[in-house]
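# Close look at the chain arrangement
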Amino acid sequence: MSKAQETVLEIDLGALTHNFNYLKSKLQPKTKFLAVVKAFAYGSDAIAIAKHLQKLNVDYLAVAYTKEGVALRDAGITIPILVLHPQSINFETLIDRCLEPSLYSKHVLNEFIKVAEVKSQTDYPVHIKFNTGLNRLGFWKNDVDSIVSKLKDTDAVIAKSIFSHLAASEDVNELEFTTTQIETFKTISKVFESKVDYKPWLHLCNTSGVINYTEAHFDMVRCGIGLYGFGNSVKEDENLKPIASLKSVISQIHNIEKNETVGYNRAYKAKGFEKTATIPIGHADGVGRIYGNGKGFVIINGKKAPIIGNVCMDMIMVNISDIDCREGDEVIIFNSAYKASNLAESANTISYEILTAISQRVKRSFLSY
Ligand SMILES: *Cc1c(COP(=O)(O)O)cnc(C)c1O
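Fair warning: this is a prediction, and the values are worked out from it, not measured in the lab. (Residues numbered from 1 in each chain as written. Predicted model: local features only at pLDDT ≥ 70, side-chain atom pairs only at ≥ 80, totals over all residues. Heavy atoms only, no water.)

### With respect to the overall build of the protein chain
The helix and strand inventory of the protein chain stands at twelve helices and 19 strands. Each of the three principal axes of the protein chain carries a C-alpha extent, and together these read 75 × 40 × 40 Å. A total of 369 residues make up the protein chain; the buried ones form 54% of that total. For the protein chain, restricting intrachain contacts to residue pairs at least 6 apart in sequence, the fraction spanning at least 24 positions comes to 66%. Summed over its atoms, the accessible surface of the protein chain is roughly 16800 Å², and 50% of this surface lies on carbon and sulfur atoms. When the 42 basic and 41 acidic side-chain charges of the protein chain are each reduced to a single mean position, those positions are 1 Å apart. (Helix = DSSP H or I, 4+ residues; strand = E, 2+ residues; numbered from the N terminus. Buried < 20%, exposed > 50% of the residue type's maximum accessible area, 1.4 Å probe, protein only. Contact = heavy atoms within 4.5 Å. Areas by Shrake-Rupley, 256 points an atom, 1.4 Å probe, with all protein chains shown as cover. Lys, Arg positive; Asp, Glu negative; His and termini not counted. Charge placed at Lys NZ, Arg CZ, Asp CG, Glu CD.)

### A look at the layout of surface pockets
Roughly 1100 Å³ of internal volume is contained in the largest pocket. What lines the largest pocket is a set of 40 residues, among which Lys 38, Tyr 42, Asn 206, Ile 350 and Tyr 352 lie closest to the centre. Among the secondary structure elements, those contributing two or more residues to the lining of the largest pocket are helix H2 (38-43), helix H10 (234-239), helix H11 (340-346) and helix H12 (351-357). Broken down by element, the lining of the largest pocket gets its largest block of residues, four residues, from H11. Here the second largest pocket defines a volume of roughly 280 Å³. (1 Å grid on protein atoms, 1.4 Å probe; cavity = no way out; pocket = protein on both sides within 12 Å on 5 of 7 lines; lining within 4 Å. Points joined across faces, edges and corners; volume = space filled by probe spheres on them.)

### Focus on the domain arrangement of the protein chain
What the domain assignment lists for the protein chain is domain 1 (31-228) and domain 2 (244-367). Centre-to-centre, using C-alpha coordinates, domain 1 lies 38 Å away from domain 2. Contacts between the two partners involve eight residues from domain 1 and, on the opposite side, eight residues from domain 2. For the pair domain 1 and domain 2, the two sides together bury roughly 780 Å², of which 64% comes from carbon and sulfur. On the domain 1 side of the interface with domain 2, the three residues burying the most area are Tyr 42, Gly 43 and Ile 225, jointly 50% of the side's total. (Domains from an automatic or database assignment. Buried area = accessible area lost by both parts, 1.4 Å probe.)

### Some details on the site of the ligand
Among the 13 residues in the neighbourhood of the ligand, the closest are listed as Lys 38, Tyr 42, Thr 207, Ile 225 and Tyr 352. Measuring from a nitrogen atom of the ligand, one finds a side-chain N or O atom of Arg 222 at 2.9 Å. Backbone polar atom of Gly 224 to an oxygen atom of the ligand: 2.9 Å apart, as the coordinates give it. In isolation the ligand offers 390 Å² of accessible surface; the protein chains occlude 93% of this area. Looking at the shell around the ligand, the elements that each hand over two or more residues are H2 and strand E9 (220-223). Taken together, the residues of the shell around the ligand break down into six nonpolar, four polar and three charged. (Near = heavy atom within 4 Å. Polar contact = N/O pair within 3.5 Å; in protein donor to acceptor, adjacent residues only side chain to side chain. Nonpolar A, V, L, I, M, F, W, Y, C, P; charged D, E, K, R; others polar.)

### Here's the deal with empty space enclosed by the protein
Remark: the empty space left among the atoms is shown by a probe the size of a water molecule rolled over them. Inspection of the entire model under this criterion finds one cavity of 30 Å³ or more. Within this model, the largest cavity holds a volume of roughly 60 Å³. Here the residues of the lining of the largest cavity sort into eight nonpolar, two polar and no charged.

### A look at the sheet that holds strand E10 (residues 244-249)
With mixed pairing, the nine strands of this open sheet are ordered in space as E11-E14-E17-E16-E15-E18-E10-E1-E19. The strands lining the two open edges of the sheet, one partner per strand, are strand E11 (252-256) and strand E19 (363-366). Each adjacent strand pair in this sheet contributes to an overall mean axis angle of 35°, direction not counted. Sheet topology note: the E10/strand E18 (residues 330-334) ladder contains four bridges and is antiparallel. The partner of Lys 247 across the bridge, within E18, is Ile 332. (Pairing = 2+ DSSP bridges. Axes fitted to C-alpha atoms, helices over the stretch in contact; angles between N-to-C directions.)

### Quick look at the packing of aromatic side chains
As enumerated under the stated definition, the model contains nine aromatic pairs in all. Between Phe 91 and Phe 112, the aromatic rings sit 5.0 Å apart at their centres with planes inclined by 85°, giving edge-to-face as the arrangement. In this pair, Phe 91 sits in helix H5 (residues 91-96) while Phe 112 sits in helix H6 (residues 106-118), placing the two residues 21 residues apart along the sequence. On the accessibility criterion, Phe 112 (0% relative accessible area) is buried. Looking at Lys 32, its charged tip hangs above the ring of Trp 201, at a distance of 4.1 Å from the centre. (Phe/Tyr/Trp six-rings, centres within 6.5 Å; stacked < 30°, edge-to-face > 60°. Lys NZ or Arg CZ within 6 Å of the ring centre and 35° of its normal.)

### Considering the nonpolar core
Nonpolar side chains tend toward joint burial in soluble globular proteins. Counting 114 residues, the largest nonpolar core has Leu 61 and Phe 334 as the members making the most contacts within it. Two domains share this core, each providing at least three of its residues, namely domain 1 (31-228) and domain 2 (244-367). Setting aside residues no more than four positions away along its own chain, Phe 334 makes contact with Leu 9, Ala 244, Ser 245, Leu 246, Lys 339, Ala 340, Leu 343, Ile 354, Leu 355 and Ile 358. With seven residues, the next largest nonpolar core counts Ala 270, Ile 308, Cys 312 and Met 317 among its residues. (Core = buried A, V, L, I, M, F, W, Y, C linked by side-chain atoms within 4.5 Å.)

Written out as structure tokens, the structure is:
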């Protein structure tokens, strides 16, 4: 591991391989693996991650929006890409770039068929999304008939898969609710299959579903957070390796007297003689203002330094009164030892949010391995 001399997100592709293999070890050999690389691969680098996963023979990728799929195609990714939440304005582009839409409502189904017909497609692969309890996106159980008759009326598209999404797969207290979701999904797929003369793939599980509901893996699973090293539980976190380390450096050290204040709005007041360090990372880089005023912290020479005062756009100030350190020393915001999930907890949020918040301004670097 190199010592940071500026703010950098260091990505360990070896850890990605480890997480991929670990998650795959939970699956039956025939179960396909879809890797979710939306939101810049959870704040890391979608292109580098997708290229690596393509080399590892992952079966599918998924992004949220069409634009994210286009960026992957531009970078030379050739494997199938599911677009989880496309808007009809992008359907032409989606077809031009061989991206496969999730169709989640009558409106988008009708619109997509129209565009596919105009573009003279036959059997263009689409994925029908059902709502089984998350109540976010998806057709309802009683929409099956109208979907099937729509699909039978056209040669332009074919339902390659039908899928749904679990609302609380990481929460063992919601076992009963999740079981009901699984059963609803089974019922929907049975009805669907009985009305068409082919077998669409079925998929339901995200990372925590893969871990907690092995009986519900069906034909494919969709993993995001697990690939990036977080398992939504203390036990699973031990089996996974965070792929990203966010590091920075001490720009300047100040010695301040009692009652002097630090930062905007004079939000922090020194209780005595104190030492502070200024670090070149701020809310524009993804360390939100929520981490300010003592909630969040960074690690300097193995010790916790709390963020004092308000987080600025480009900087934070931390209290280093008890830490032996110098200007130019490395600062860890999170890494495989000081996990992003812990820092997230300090602000009452989750690993997903802190990872995806890391902005495009932060340099990405890759560990050679
Ligand atoms: C983001 C997403 C996933 C991945 O979930 P993780 O908890 O990160 O594994 C899977 N399926 C859908 C529909 C998603 O939106």
